[in-house]
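The residues making up each chain are set out below.
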Amino acid sequence: MNSIDEKLRPILAEVHRRNAGEDEFLQAVHEVLESLGRVVAKHPHYLEKALIERICEPERQIIFRIPWVDDKGQVQINRGFRVQFNSALGPYKGGMRFHPSVNVGIIKFLGFEQTFKNALTGLPIGGGKGGSDFDPKGRSDGEIMRFCQSLMTELHRHLGEQTDVPAGDIGVSGREIGYMFGQYKRLNNRFEAGVLTGKALAFGGSRARTEATGYGNTYFVRAMLQTMGTDFDGKKVVVSGSGNVAIYTIEKVQAFGGKVIACSDSSGYVVDDSGIDLDLLKEIKEVRRERIGEYVKRRGEGAHFIPTSKGEIWDVPCDVAMPSATQNELSGKGAAALIRNGVIAVGEGANMPSTPEAIKAFQEAGVKFAPGKAANAGGVATSALEMQQNASRDSWSFEQTEERLAKIMRDIHDTCATTADEYGAPGDYVLGANIAGFVRVAEAMDMQGVI
């Protein structure tokens, strides 16, 4: 707690008391409060009106049972969550995550981060997050449909295009969104297109939404590199993960002239010195849904696989690292390896993938570091654009949507950089993102009274 301004320490202590055991949420709160000492010195009314305490407490937390029947006729029980964190700027907006690790602390951390991320986009959306400890791996389409229908049977009463708009996240893609939307429509007897985003194009989805988080992260890191007088062209890049965010990060890095030489999944990572074959990776992960080791078998000479037990993807020398898998995947040890091997920039495609020790190491070494709440905001920004298209019964071209996305990401980069300069920490994108996001939310809350 020593890095926290003394005026904020009682607030953090109370957050710890009220949320004991929720490590990821407490980590996220600590990371934001580290940046706010300079803010409360300049704007003491944030303390006087308890705006920080209010922002750290979700407006609503929903936990519910999800009973469903598997293909063998056995009744299964999962737990569902939706944390509606903050609606000062607009309806709650944030994804649904289906993974065995999901618990209320993880959903609260994601909702807290989402609040500031959404604020940085400049679009009228609040922050929320949800999910379940359901594991979709190995489940049939029928099982996933029945699970999604059961989940939505409870959750639908808390949603609405002016209230709360979920989207996808880990374990939730277009298939799951479709099943949830169908059940919502059935229960509410209306086609409310804007109630879920990440939909298929056939019923109101947005072009470029699939690519948006990975593309957006790449646009942000490119803008950061350009402040150093360089670009992706000719750079060696490592991207952790091999899901949606990682795949489309790789695609856009390659379009900008970078060479992605490694990617991963939970079983290990592959290194391909000639550059990742994106078509092959998409075939393995998006079509065949196989483990990353299959890439080496099909790619042949020049590629090799290292299992998780034998090392980390961060051991691979690179110019740019883009963690795009899950929270806390990049530790202080991994950061030290990247720094030792000459990394110059890191852009977070996942939510809070770098531990506090890793972030500190990068900053002390002068490595440009883009925090997830800024760098991966492209996904939710394009979801908000999907809501805009739904509201106007319109559908934009891929090029039109990507152009809007690129501008939003440049604006987020510039906002973070300008805010860091204003508060006496030039080049500190973490501080810039935290302060800019916080101020936008806090000012809106202040104007709306004590609610």
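What counts and what doesn't
All chains use their own residue numbering, which begins from 1 and follows the written sequence. With the structure being a predicted model, the display of local features is reserved for residues of pLDDT at least 70 and the display and counting of side-chain atom pairs for 80 or more, all residues being used for whole-chain, interface and lining totals. Only hydrogens and water are set aside; all other atoms, that is, all heavy atoms of the structure, feed into the side-chain values. Only DSSP runs of H or I covering at least 4 residues are called helices, and only runs of E covering at least 2 are called strands; the numbering of each starts at the N terminus. Here the globule rule reads 2.2 Å times residues to the power 0.38, and the radius of gyration is calculated from C-alpha atoms. Using a 1.4 Å probe on the protein chains alone, a residue whose accessible area is under 20% of its type maximum counts as buried, one over 50% counts as exposed, and one in between counts as partly exposed. In this description, contact between two residues means that some pair of their heavy atoms is separated by no more than 4.5 Å. Paired strands are those between which DSSP finds at least two bridges. All axes here are fitted lines through C-alpha atoms, helices being fitted over the stretch that makes contact, and every angle between N-to-C directions spans 0 to 180 degrees. Should an angle lie under 35 degrees it is considered roughly parallel, over 145 roughly antiparallel, and from 65 to 115 roughly perpendicular; all remaining angles are considered oblique. Under the scheme applied here, ten amino acids are nonpolar (Ala, Val, Leu, Ile, Met, Phe, Trp, Tyr, Cys and Pro), four are charged (Asp, Glu, Lys and Arg), and all others, including Gly, are polar. Only Phe, Tyr and Trp rings are paired, with Trp represented by its six-membered ring, and only when their centres lie within 6.5 Å; those with planes under 30 degrees apart are stacked, over 60 edge-to-face, the remainder tilted. Whether a charge sits over a ring comes down to the Lys NZ or Arg CZ being within 6 Å of the ring centre and within 35 degrees of the ring normal. Between the first and last residue of a helix there are one fewer steps than residues, each counted as 1.5 Å, and that sum is the expected span. As used in this record, nonpolar core signifies buried Ala, Val, Leu, Ile, Met, Phe, Trp, Tyr and Cys residues forming a set joined through side-chain atoms within 4.5 Å. Here is how to tell: hold the view so the strands point away, follow the path from the first strand over the helix to the second, and if it runs clockwise the crossover is right-handed. Salt bridge, as applied in this entry: a Lys or Arg side-chain nitrogen positioned within 4 Å of an Asp or Glu carboxyl oxygen.

### Focus on the overall build of the protein
Here's step 1: The helix and strand inventory of the protein stands at 18 helices and twelve strands.
Here's step 2: On C-alpha atoms alone, the protein measures out to a radius of gyration of 21 Å, which is about the 22 Å that the 2.2 N^0.38 rule sets for 451 residues.
Here's step 3: With respect to the three principal axes, the spread of C-alpha positions in the protein is 60 × 60 × 45 Å.
Here's step 4: With 451 residues in all, the protein has 56% of them scored as buried.
Here's step 5: Across the protein, the fraction of contacts at a sequence separation of at least 24, relative to all contacts at a separation of at least 6, is 71%.

### With respect to the sheet that holds strand S12 (residues 368–370)
Here's step 1: Pairing within the open sheet is mixed, and its seven strands lie in the order S9-S8-S7-S6-S10-S11-S12. Looking at the sheet topology across the chains shown, the edges are occupied by strand S9 (303–307) and S12. Strand after strand, the sheet turns through a mean of 15° between neighbouring axes, direction not considered.
Here's step 2: Strand direction decides the pairing type here: strand S6 (residues 236–239) and strand S7 (residues 259–265), joined by three bridges, are parallel. Within S7, the position partnered with Val238 by the bridge is Ala262.

### Side note on the sheet that holds strand S3 (residues 92–98)
Here's step 1: Read across the open sheet, the five strands follow the order S1-S2-S4-S3-S5; overall the sheet is mixed. Sheet topology places strand S1 (60–69) and strand S5 (164–167) at the edges, where each strand pairs with a single neighbour. Each neighbouring strand pair of the sheet contributes to a mean axis angle of 20°, computed without reference to strand direction.
Here's step 2: In terms of strand pairing, S3 meets S5 through four bridges, oriented parallel. Following the sheet pairing, Gly94 is matched in S5 by Pro166.

### Here we look at the packing of helix H10 (residues 244–255) against helix H11 (residues 278–287)
Here's step 1: Contact pair H10 / H11: the axes reach a minimum separation of 11 Å and the direction vectors enclose 170°. The angle between H10 and H11 falls in the class roughly antiparallel. Each of Ile247, Tyr248, Ile250, Glu251 and Gln254 in H10 lies in contact with H11, whose residues at this interface are Leu278, Leu281, Lys282, Lys285 and Glu286.
Here's step 2: Its residues assigned to classes, the contact of H10 with H11 shows five nonpolar, one polar and four charged.

### Structural notes on the packing of aromatic side chains
Here's step 1: Evaluation of the coordinates by the stated rule reveals 17 aromatic pairs.
Here's step 2: On the basis of an interplanar angle of 90° and a centroid distance of 5.1 Å, the ring pair of Phe98 and Phe147 is categorised as edge-to-face. In this pair, Phe98 is assigned in strand S3 and Phe147 in helix H7 (residues 141–155), connecting sequence segments 49 residues apart.
Here's step 3: For Phe147, a relative accessible area of 0% translates into the label buried.
Here's step 4: Put simply, the rings of Phe25, Phe85, Phe112 and Phe116 touch in pairs and so form one group of aromatic residues.
Here's step 5: Directly above the aromatic system of Tyr423 lies the positively charged group of Lys42, at a separation of 4.9 Å from the ring centroid.

### Topic: H10
Here's step 1: Look at H10: 17 Å from first C-alpha to last across twelve residues, which is about the 16 Å you get at 1.5 Å a residue.
Here's step 2: Of the positions making up H10, those classed as buried are Val245, Ala246, Ile247, Tyr248, Thr249, Ile250, Lys252 and Val253.
Here's step 3: If you follow the buried residues of H10, they end up packed against helix H9 (212–226), S6, S7, H11, strand S10 (320–322) and helix H17 (398–422).
Here's step 4: Gly257 sits one or two positions beyond H10 and adopts a positive phi of about 95°.

### Quick word on the nonpolar core
Here's step 1: Counting residues in hydrophobic clusters, the biggest one holds 54 residues, and the most contacted among them are Phe220, Phe232, Val237, Leu281, Val320, Met322 and Ile412.
Here's step 2: Broken down by element, this core gets its largest block of residues, seven residues, from H9.
Here's step 3: The contacts of Val237, once residues within four sequence positions are left out, are Phe232, Val253, Lys259, Val260, Ile261, Ala262, Cys318, Val320 and Met322.
Here's step 4: Judged by nonpolar contacts, the second largest core, of 41 residues, contains Ile4, Val40, Ala444 and Met445.

### Some points on the pairing of S6
Here's step 1: Taken together, S6, H10 and S7 form a β-α-β motif whose crossover is right-handed.
Here's step 2: With three bridges connecting them, S6 and S10 associate as parallel partners. By the bridge assignment for S10, Val238 is matched with Ala321.

### What about unusual backbone geometry?
Here's step 1: The backbone of Ala50 sits at a positive phi, close to 55°, despite the residue not being glycine.
Here's step 2: Overall, the relative accessible area of 26% leaves Ala50 in the partly exposed class.
Here's step 3: Unusually for a residue other than glycine, Met352 sits at a positive phi of about 50°.
Here's step 4: When you line up the elements, Met352 lands in the loop between strand S11 (345–347) and helix H14 (356–365).
Here's step 5: When its relative accessible area of 7% is taken as the criterion, Met352 is described as buried.

### Comments concerning the pattern of salt bridges
Here's step 1: Per the stated rule, a full pass over the model turns up 29 salt bridges.
Here's step 2: Among the salt bridges present, the one from Glu143 reaches Arg139, with a minimum N-O distance of 3.3 Å.
Here's step 3: What makes Arg139 partly exposed here is its relative accessible area of 29%.
Here's step 4: For the salt bridge of Asp265 with Arg291, the shortest nitrogen-to-oxygen distance reads 3.8 Å. Residue Asp265 is located in strand S7, and its partner Arg291 is located in the loop between H11 and helix H12 (293–299); the two are separated by 26 residues in the primary sequence.

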